[in-house]
Amino acid sequence: MNPNPNPRRQPFWDRGLWLVIVLALLSSLIPLSRAEGLPNGSDVLYHVYRAAEMSRAWEQGLLFPRWADGLYFGYGAPLWHFYAPLTYYLSASLMALGLGPLTSLRLLIVVTQVSMAAGMYVFARQQMGKLGGLLAALAYLWTPYMLYTEPYARGTYPEMLAFALWPFAFWRLGQLLDGAVEPRWGVLSLALCVFLLILSHNLMSATAFALLLAWWLWHTVGLLWQQEVRTPLQQRPRSLAAWGHALAYGHLQPVVLALLSLSLGVGLAAYFWLPILAEGHTVNLQNLTAYSLLDYRAFFVPLSELLGLRPIPDLGALNGLANVYQVGPYAWIAALIGGVMGLRLARDLRGGGGRVLFFALLSLALLALMAPFARPVWDALGFLQTLQFPFRLLGPLAFSLAVLVGYNALWIERLPTQWRAWPVALGIAAPLLLAAPSLVVPEWTNQRVDTSLAAYHREEETGRQRATTFTNEYLPRAVAILPTGSARLLGAAADGRPVDRLHHEALPPNAQATLLSSGPQASAWRVQSDETLRLEVLIFAWEGWRASVDGQDATIIPSVPHGFITFEVPPGSYEVRVWLGPTIARVLGDSLSLIAIVLLAASIGLLRHLPARASRPADSSLPWDGIAAGLATALPLLVLLLLIPGTAWLNTPYGETPAQWRQVFTFSAPAAAPRPQDEIRLLGYDLGKRAYRPGETLRLTLYWLPLLPADQYSADYSSFVHVARLSEPPIAQADKLHVAGRKVTEWWTPTGYMVDRYEIRLPDDARGEFELRVGLYTCAFRPEGECGNGDRPLVSTEGMLLGNSAPLGTITIQD
């Protein structure tokens, strides 16, 4: 292709992009306008407290911290060293303007959802025109997983930020490969996109980069194949000089520039990712896959669920905010049609049908990897296990399917004018209307959250928070036993006084220490003693912490078993300092990032005279009659669906349940309780089938009815489900520390029902008929460490006492 010195430029902003932004604002503002704060998503409070921690670091002058000094009762942890920080840089920026952490994260939801839609629009517009961009943008954002699960049920804001950056990175990579952008600006913008992606979310940025590299390789192989077929044998490059000319100036120049840009983006972020790889052994990152609650084998999604309709939310459920692992039937059906038609009609587009085939194969691969039959693949490939949850691939799948949906524009634009409006209207209305249940978000329990250090440390003392994780993956390896909090440190943090982390209580009587300075990553004291001291500082020892005595380095030895910093101080009066310094890995990472900055600047300078090699795609006019018809149909119906119960949402009255099997059991206080009383009622359950094969997973949903206010229960209860033959030990079971995942004495009130879901893998060697039994138990009335099977509530139905568990009928296991 000959360079085109004056390619016709397509403006970035157009009416289609503005429409997409307005619709994205609508999708984010509808749920956010229904309540203040944030809902009870599984990760929401983690990110709220992290946002506050980053803001405190900024207030103390640390813009790029590695150590979060407020965690673990103030003993600290290298959270910012290992966890992608971009989300918290953004939230801290907003908090610097006077917003609170909840408001900052609410605004971040809006920004990320708008960016998802806008990015997908410009990416798909580059490939298939404005109509394709519009269809793809709606298919990407208006899906249950992106609208509901990510921002609310899970509350994974860093993942959302990564998915907002995905389409921009693919857009710029596509432009570079097509020669549709000036090389210097293409290289710069793609490098920055990759850099920001890596800082957004560790796992999803790695996934994105792998797919960007795969697309680059796909394009390169296709380009080489085309040249092999089209170029006469005598004209093919044979010498190194000829190949060099083809790479620098010929048909291979775009792929070289794209690879250069990808590499520079990775280099820019080396200060972050290289120390993670080099120093991961200094903390407990293995816990991310070692805990049973994070076992990837428990998070595959059946195809029937992946391909099915989104369940209708029920505001009558006290814990109705559940993950939805779907992109919706519209995305599947429209992607199938777009993929098939795109393969037939895309020959005139850059990349031809090859790009359609790439995203079609990618969609099938992602779908297969989430299904239960993919478990052997995950077992064999350790790098997949680091993703923790197979359902995490729903984000990449939504992206890939949305691209295929955009290819529907090719056949729609070939229809006669009088027929074109109908499929356009359907393509607009269908995703908006099918997304209505995902705009109804229950459990807005975090309307006020105290994020002060004192409040956070109270949460750590109660066990509800522990360094904004629950697997201690960022706890330094030197810590063998996690210590309790120091009243002196906690008091200073609560009062806002400088925190003196020297362990004064361990000093001998003749020693004195005076605090000179205190900060998140450095402190100093004047220490005086008549004898050699083993000084202990209440900071967890970790790679990079340094100590000095009057400017002379001191050797740090972690204390046993708590892992605090200790070092020797000779007799006399000295200034003692402790600070977090550089390591070889951090210096190397910083150096690579600086080198990448220099190379990027040099590349921009060297490429300034190279023009874009091809015209951008022709401006296709949007069929506004079809768009108007789709919006005129969808928006009024959407309002009705959101206002009228029983359509896109339910509100089951107290005492009733949507259970498949209605069977009522009453659980009364155990005999050891101080007073007899009925406490909880099981109203029914869902069980998809009663015949299973060995090794299959049994999925059971229970519906509990609280009978008392939270403060009137005899105790907090745990639950169990047993699969057993009569009077025999269970062959399989599932237990929960808290029934339905909610502490009875805090969450259970007589205002609705509780949904309680279980997945039980049946043994490979089990055959025959087995009974399902459900029960509760508590250790509250037994000495600590002597719980055994606990005390179980008595179970009755229709006035007849059944014992201490409720029978739910039988299942059969056979080949």
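Residues numbered from 1 in each chain as written. Predicted model: local features only at pLDDT ≥ 70, side-chain atom pairs only at ≥ 80, totals over all residues. Heavy atoms only, no water.

Engineer: Help me out: how do you make sense of the overall build of the protein in this one?
Structural biologist: Broken down by element type, the protein carries 26 helices and 18 strands. For the protein, the C-alpha radius of gyration of 30 Å lies close to 28 Å, the compact-globule estimate for 815 residues. Counting the 815 residues in the protein, one finds 57% classified as buried. On the protein, roughly 34,100 Å² of surface is accessible, and the fraction owed to carbon and sulfur atoms is 61%. Between the mean site of the 59 positive side-chain charges and the mean site of the 59 negative ones, the protein shows a separation of 12 Å. (Helix = DSSP H or I, 4+ residues; strand = E, 2+ residues; numbered from the N terminus. Rg over C-alpha atoms; globule rule 2.2 N^0.38 Å. Buried < 20%, exposed > 50% of the residue type's maximum accessible area, 1.4 Å probe, protein only. Areas by Shrake-Rupley, 256 points an atom, 1.4 Å probe, with all protein chains shown as cover. Lys, Arg positive; Asp, Glu negative; His and termini not counted. Charge placed at Lys NZ, Arg CZ, Asp CG, Glu CD.)

Engineer: Sorry if this is basic, but what is going on with the state of the cysteines here?
Structural biologist: Disulfides are covalent bonds that connect the sulfur atoms of two cysteines. Taken as a whole and judged by the stated rule, the model has 1 disulfide. Through a disulfide, C779 is tied to C787; the S-S separation comes to 1.8 Å. Every disulfide takes its handedness from the sign of the S-S torsion; for C779 and C787 that torsion is -70 degrees, giving left-handed. C787 sits in the buried class, given a relative accessible area of 17%. (Disulfide = S-S within 2.5 Å.)

Engineer: Looking at this model, I keep getting lost on the side chain of S548. Mind explaining?
Structural biologist: Note on placement: S548 falls in strand β4 (residues 545-549). Here S548 falls in the buried class, since its relative accessible area comes to 3%. Each residue touching S548, except ones within four places of it in the same chain, is listed here: D553, A554, E575, V576, R577 and W579. (Contact = heavy atoms within 4.5 Å.)

Engineer: I keep staring at the packing of helix α12 (residues 270-279) against helix α24 (residues 584-606) and nothing clicks. Help me out?
Structural biologist: Working note: a packed helix pair is described by the angle between its axes plus the distance between those axes. The interhelical angle for the contact between α12 and α24, taken along N-to-C directions, is 150 degrees, at an axis separation of 7 Å. Considering the angle they form, α12 stands roughly antiparallel to α24. Like other packed secondary-structure pairs, α12 and α24 cross with a definite hand, here right-handed. Taking contact as the criterion, the partners of A270, Y271, L274, P275, A278 and E279 in α12 are, on α24, A585, R586, L588, G589, D590, L592 and S593. When grouped by side-chain class, the residues that make up the contact of α12 with α24 number 8 nonpolar, 2 polar and 3 charged. (Axes fitted to C-alpha atoms, helices over the stretch in contact; angles between N-to-C directions. Parallel < 35°, antiparallel > 145°, perpendicular 65-115°, else oblique. Left-handed = near helix turned anticlockwise from the far one by under 90°. Nonpolar A, V, L, I, M, F, W, Y, C, P; charged D, E, K, R; others polar.)

Engineer: Looking at this model, I keep getting lost on the sheet that holds strand β12 (residues 718-724). Mind explaining?
Structural biologist: The strands making up a sheet are joined through hydrogen bonds of the backbone, oriented either antiparallel or parallel. Sheet architecture is open: 5 strands sit in the order β10-β18-β15-β12-β13, paired in mixed fashion. If you trace the sheet from one side to the other, it starts and ends with β10 (691-692) and β13 (732-736), each paired once. Relative to strand β18 (residues 806-813), β10 is paired through 2 bridges, and the arrangement is parallel. Considered in β18, the bridge of A691 is made with T812. (Pairing = 2+ DSSP bridges.)

Engineer: What is the right way to look at the pairing of strand β16 (residues 794-797) in this model?
Structural biologist: In regular strands, side chains alternate between the two faces of the sheet. Summarising the sheet, strand β8 (residues 661-668) and β16 pair through 3 bridges and their orientation is antiparallel. Considered in β16, the bridge of T666 is made with S796. Bridge count for β16 against strand β17 (residues 800-803) is 3 bridges, and the pairing is antiparallel. Bridge pairing links V795 to G803 in β17.

Engineer: Looking at this structure, how should I read the pairing of strand β3 (residues 533-540)?
Structural biologist: For β3, the tally of buried residues reaches 7 of 8 residues, placing the bulk of the element in the interior. Here β3 runs beside strand β6 (residues 564-569); their pairing, made up of 6 bridges, is antiparallel. Within β6, the position partnered with L535 by the bridge is F567.

Engineer: Would you mind going over the pattern of salt bridges with me for this structure?
Structural biologist: In this structure the tally under the stated criterion is 27 salt bridges. With a closest N to O distance of 3.0 Å, R56 and E53 form a salt bridge. Taken together, the residues span about one helical turn, with R56 and E53 both in helix α2 (residues 44-59) at a distance of 3 residues. In this structure E53 comes out as buried when scored by relative accessible area, which is 4%. Connected through shared salt-bridge partners, E150, R154, E159 and R392 make up one network. (Salt bridge = Lys/Arg side-chain N within 4 Å of Asp/Glu carboxyl O.)

Engineer: Just checking my understanding: could you explain the nonpolar core for this structure?
Structural biologist: It is characteristic of soluble globular proteins that their nonpolar side chains tend to be buried jointly. In terms of nonpolar packing, the biggest core is built from 210 residues, with Y140, W166, F359 and F567 touching the most fellow members. Among the elements that line this core, the one with the most residues is helix α5 (residues 101-141), at 24 residues. Counting 36 residues, the second-largest nonpolar core is a separate cluster that includes V723, A734, L776 and I811. (Core = buried A, V, L, I, M, F, W, Y, C linked by side-chain atoms within 4.5 Å.)

Engineer: Can you help me understand the packing of aromatic side chains in this one?
Structural biologist: Where two aromatic rings form a pair, the distance of their centres and the angle of their planes describe that pair. Inspection of the entire model under this criterion finds 46 aromatic pairs. Between the aromatic rings of F358 and F359, the centroid separation amounts to 5.1 Å while the plane-to-plane angle is 90 degrees, which identifies the pairing as edge-to-face. Each member of the pair, F358 as well as F359, is classed as buried. Members of the aromatic cluster, each reached through a chain of ring pairs, are F123, Y140, F163, W166, F170, W215, W218, F358, F359 and F399. Over the ring of Y148 we find R310; its NZ or CZ atom is 4.3 Å from the centre of that ring. Lying across the ring of Y758, K736 places its NZ or CZ 4.4 Å from the centre. (Phe/Tyr/Trp six-rings, centres within 6.5 Å; stacked < 30°, edge-to-face > 60°. Lys NZ or Arg CZ within 6 Å of the ring centre and 35° of its normal.)

Engineer: Help me understand helix α7 (residues 157-178), please; the structure alone is not making it clear to me.
Structural biologist: An α-helix turns once every 3.6 residues. As a result, residues three or four positions apart point the same way. For α7, built from 22 residues, the straight-helix expectation of 32 Å at 1.5 Å per residue is met to within 8% by its first-to-last C-alpha distance of 32 Å. The largest bend in α7 is about 25 degrees, located at L165, with the proline P167 one to four residues further on. Immediately beyond the C-terminal end of α7, within one or two residues, lies G179, with a positive phi of roughly 70 degrees. (Expected span 1.5 Å × (residues − 1). Bend = angle between axes of the 7 residues up to and from the residue.)

Engineer: Teacher, can you tell me more about the sheet that holds β4 here?
Structural biologist: As summarised here, the arrangement of the 5 strands in space is β1-β2-β7-β4-β5, forming an open sheet in which the pairing is antiparallel. Strands at the two margins of the open sheet, each flanked by one partner only, are β1 (512-518) and β5 (552-554). Sheet twist, expressed as the average angle between the axes of neighbouring strands with direction ignored, equals 25 degrees. Examined bridge by bridge, β4 and strand β7 (residues 572-580) share 5 bridges and lie antiparallel to one another. Residue pairing for β7: W545 is matched across the bridge by L580.

Engineer: Just checking my understanding: could you explain helix α22 (residues 453-462) for this structure?
Structural biologist: Taken as a whole, α22 has its buried residues at L453, A455, Y456, H457, E459 and E460. Of the surrounding elements, those touching the buried residues of α22 are α2 and α23 (487-495). Taken from the residues just after α22, G463 is the one with a positive phi, measuring 90 degrees.

Engineer: Explanation requested: the packing of helix α15 (residues 329-345) against helix α19 (residues 394-406) in the structure shown.
Structural biologist: Running from amino to carboxyl end, α15 crosses α19 at an angle of 50 degrees, the nearest separation of the two axes being 7 Å. Here α19 runs oblique to α15, going by the angle between their axes. α19 is crossed by α15, and the crossing has left-handed handedness. When α15 is examined against α19, the residues Y330, A331, W332, A334, A335, G338 and G339 are found in contact with a partner set consisting of L397, L401, L404 and V405. The residue inventory of the contact of α15 with α19, partitioned by class, reads 9 nonpolar, 2 polar and no charged.

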